[in-house]
Amino acid sequence: MTMPPEEIATLKALMEWEARRTAPPAGFPKLPDLPADRYTNEELYALEQEHVFRKSWLFAAHLDEIPDPGSFMRWHNAGDPIVIVHGMDGEVRAFYNTCRHRGAPVVTEDRGKSPRLICAYHHWTYKTDGSLVGVPERQDFADLDLTCRGLIPVRCEMFGKLVFVNFDDDALPLREWLGPLADEWAEFQFENVRLAARYSFDLNCNWKVAMEANMEVYHVPFIHPETVAPIVDAKRNVNHFYPNGHSRMLAPAPETADRQADRANSMPPEWQRIDTVGELGRTATQSYSVFPNWVSPLSDFFIPPLLFWPTGIGTTRLELITMAPDWGDGPVPDLWTEPDPASANGRKMCKIILEDTQFGEAIQKSMESQGFRSVPLSYQEARIYAFHQHCDRLVGEDNIPEGLAVEQVIDSDWVWPNDPRIEQMRTEASVAAE
């Protein structure tokens with residue numbers, strides 16, 4: 001299902017309206033400064049790990065990584081050791097990679113395939129549904145009830161071929177949590193794309209510093225003059241806020257550029273297009289921030305998420321992923337990395353990502369100095385502010401260290417399905433027509 005024509009027309013009109021405005025929209029709240037220590041405070045960082053990352057749906061895997069019944073993979077990007085299993089019954093599940101005997105891992109390989117998961121320490125044996133089915137010398141365990149000793153599950157749900165996990169048993173179901181994004185993403189065929197590339201790189205900055213560079217276009221003319229600026233018109237960018245902390249950026253190409261033709265001409269002929277993608281996905285940059293740590297443009301050639309995993313208060317692991325329709329025998333699509341025989345994984349970040357990450361370490365050092373007091377954000381950077389608001393809501397405003405909370409000024413009036421800009425735009429057009 002593609003975006004309805006009337007919605008496309010409204011969004012295109014909003015792009016032009018954004019280009020003409022001389023101030024933020026009427027009624028849009030003034031954004032208070034973000035407290036500086038939100039990027040350096042150890043107590044807040046621990047609260048983020050406990051409440052933000054353990055209460056949100058997190059992208060963990062693509063079905064191509066566990067393609068067959070019995071396939072498994074280890075995953076530990078959120079700290080705890082997890083094993084994701086393609087069950088012999090066809091179901092994909094996630095468990096703590098922890099034997100119920102004395103805590104040894106039941107899986108020690110990054111990937112593998114087996115009809116049983118067997119702890120190497122004492123050979124306690126589990127089916128791929130997590131149930132305990134084998135205990136050596138069982139007679140020596142008094143009243144051991146195997147039905148109570150299965151692997152401890154982690155909530156696991158799929159969107160198309162993408163596997164998400166959530167540590168919170170009370171969290172909303174994945175599709176409900178995604179909300180309108182699930183409908184908007186239908187045209188991109190998440191159920192058909194293959195995993196083409198997945199590489200990780202370590203950054204020396206707070207995870208929010210790294211991610212926020214991808215949540216606004218204010219920087220595009222200055223940081224990306226030769227890479228992004230020719231294909232993204234920052235002046236005509238339209239931001240949207242969604243429930244549960246998600247957001248979207250929609251930016252057309254400059255009026256002198258043909259984004260659709262440029263994309264098609266730059267792609268190898270073997271690469272397939274997602275033929276259900278609508279006009280805006282073909283001609284504009286349509287980028288989503290999925291709370292808490294996913295940012296991805298979506299197009300008629302790629303689904304390429306960037307994921308930002310905190311590894312310390314001042315360090316981040318950046319995952320660069322490319323998913324695409326089947327490319328046959330042609331070159332493997334990889335939007336974000338390039339070959340580098342000298343590196344440990346044989347890849348290096350592409351020019352755009354290097355541009356976005358170049359100041360991360362220096363920014364972090366500045367944030368840790370006395371010269372960093374607070375962060376004033378513009379209307380164009382409001383997605384960052386909304387993200388911080390939702391972080392605080394998950395942590396609990398009463399739990400935030402003194403002086404570090406953000407004011408909840410972007411209210412539901414500005415969150416999907418509401419958008420006061422549309423009425424303002426129509427009113428102005430009506431007045432101009434009189």
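In the block above lies the structure referred to throughout.
Residues numbered from 1 in each chain as written. Predicted model: local features only at pLDDT ≥ 70, side-chain atom pairs only at ≥ 80, totals over all residues. Heavy atoms only, no water.

**As for the layout of surface pockets**
So, point 1. Roughly 800 Å³ of internal volume is contained in the largest pocket.
So, point 2. Taken together, 36 residues make up the lining of the largest pocket; nearest its centre are Ile-231, Arg-259, Pro-297, Trp-336 and Ile-352.
So, point 3. Taken together, the elements giving at least two residues each to the lining of the largest pocket come down to α7 (259-266), β15 (284-290), β16 (294-298) and α9 (351-357).
So, point 4. For the lining of the largest pocket, the class distribution of residues is 21 nonpolar, nine polar and six charged. (1 Å grid on protein atoms, 1.4 Å probe; cavity = no way out; pocket = protein on both sides within 12 Å on 5 of 7 lines; lining within 4 Å. Points joined across faces, edges and corners; volume = space filled by probe spheres on them. Helix = DSSP H or I, 4+ residues; strand = E, 2+ residues; numbered from the N terminus. Nonpolar A, V, L, I, M, F, W, Y, C, P; charged D, E, K, R; others polar.)

**Looking at helix α11 (residues 382-395)**
So, point 1. Over its 14 residues, α11 runs 20 Å from end to end, which matches the ideal 20 Å to within 8%, given 1.5 Å per residue.
So, point 2. The buried fraction of α11 amounts to twelve of the 14 residues, a majority that puts the element mostly inside the structure.
So, point 3. Buried positions along α11 lie against β1 (34-35), α2 (42-52), α5 (207-212), β13 (238-241), β14 (247-252) and β15.
So, point 4. Where α11 terminates, the next one or two residues include Gly-396, which has phi positive at roughly 100°. (Expected span 1.5 Å × (residues − 1). Buried < 20%, exposed > 50% of the residue type's maximum accessible area, 1.4 Å probe, protein only. Contact = heavy atoms within 4.5 Å.)

**Focus: the pairing of β13**
So, point 1. Here β13 shows no split at all, with Val-238 and His-240 on one side and Asn-239 and Phe-241 on the other all buried.
So, point 2. In this sheet, β14 lies alongside β13 in antiparallel orientation, the contact comprising four bridges. Across the sheet, the residue bridging to Phe-241 is Ser-247, located in β14.
So, point 3. Two successive antiparallel strands, β13 and β14, enclose a turn made up of five residues, where Asn-244 displays a positive phi of approximately 65°. (Pairing = 2+ DSSP bridges.)

**Overview of the environment of Val-135**
So, point 1. Turning to its location among the elements, Val-135 is positioned in the loop between β9 (132-134) and β10 (153-159).
So, point 2. Residues Val-135 and His-101, spaced 34 residues apart in sequence, show a C-alpha to C-alpha distance of 9.5 Å.

**Section: the nonpolar core**
So, point 1. Core analysis: the biggest nonpolar cluster contains 89 residues, and Trp-75, Ile-84, Leu-178, Trp-185, Phe-190, Trp-294 and Ile-410 have the highest contact counts within it.
So, point 2. The biggest single contributor to this core is α11, with seven residues.
So, point 3. Not counting residues within four places of it along the chain, the set of residues in contact with Ile-84 comprises Ala-60, Ala-61, Ile-66, Ser-71, Phe-72, Met-73, Trp-75, Val-92, Arg-93, Ala-94 and Val-163.
So, point 4. Ranked by size, the runner-up nonpolar core spans 17 residues in total, among them Val-85, Val-135, Leu-146 and Leu-151. (Core = buried A, V, L, I, M, F, W, Y, C linked by side-chain atoms within 4.5 Å.)

**Considerations on the packing of aromatic side chains**
So, point 1. Taken as a whole, this structure holds 19 aromatic pairs when the rule is applied.
So, point 2. Here the aromatic rings of Phe-28 and Trp-414 are separated by 5.0 Å at their centres, their planes lie at 80°, and the arrangement is edge-to-face. Of this pair, Phe-28 sits in the loop between α1 (5-20) and β1 while Trp-414 is found in the loop between α11 and α12 (420-433), placing the two residues 386 residues apart along the sequence.
So, point 3. Under the relative-accessibility criterion, Phe-28 is labelled buried at 11%.
So, point 4. By relative accessible area, which is 9% here, Trp-414 ends up buried.
So, point 5. Ring centres of Phe-59 and Phe-164 lie 5.9 Å apart, and the angle between their planes is 75°; this geometry places the pair in the edge-to-face category. Of this pair, Phe-59 sits in strand β2 (residues 58-62) while Phe-164 sits in strand β11 (residues 162-166), and the two are 105 residues apart along the sequence. The residues Phe-59 and Phe-164 share a single accessibility class, namely buried.
So, point 6. Through a chain of ring-to-ring contacts, three or more aromatic side chains come together here, namely Phe-59, Phe-159, Phe-164, Trp-185, Phe-190, Tyr-288 and Trp-294.
So, point 7. Above the plane of the ring of Phe-167 lies Arg-54, whose end atom (NZ or CZ) is 4.2 Å from the centre. (Phe/Tyr/Trp six-rings, centres within 6.5 Å; stacked < 30°, edge-to-face > 60°. Lys NZ or Arg CZ within 6 Å of the ring centre and 35° of its normal.)

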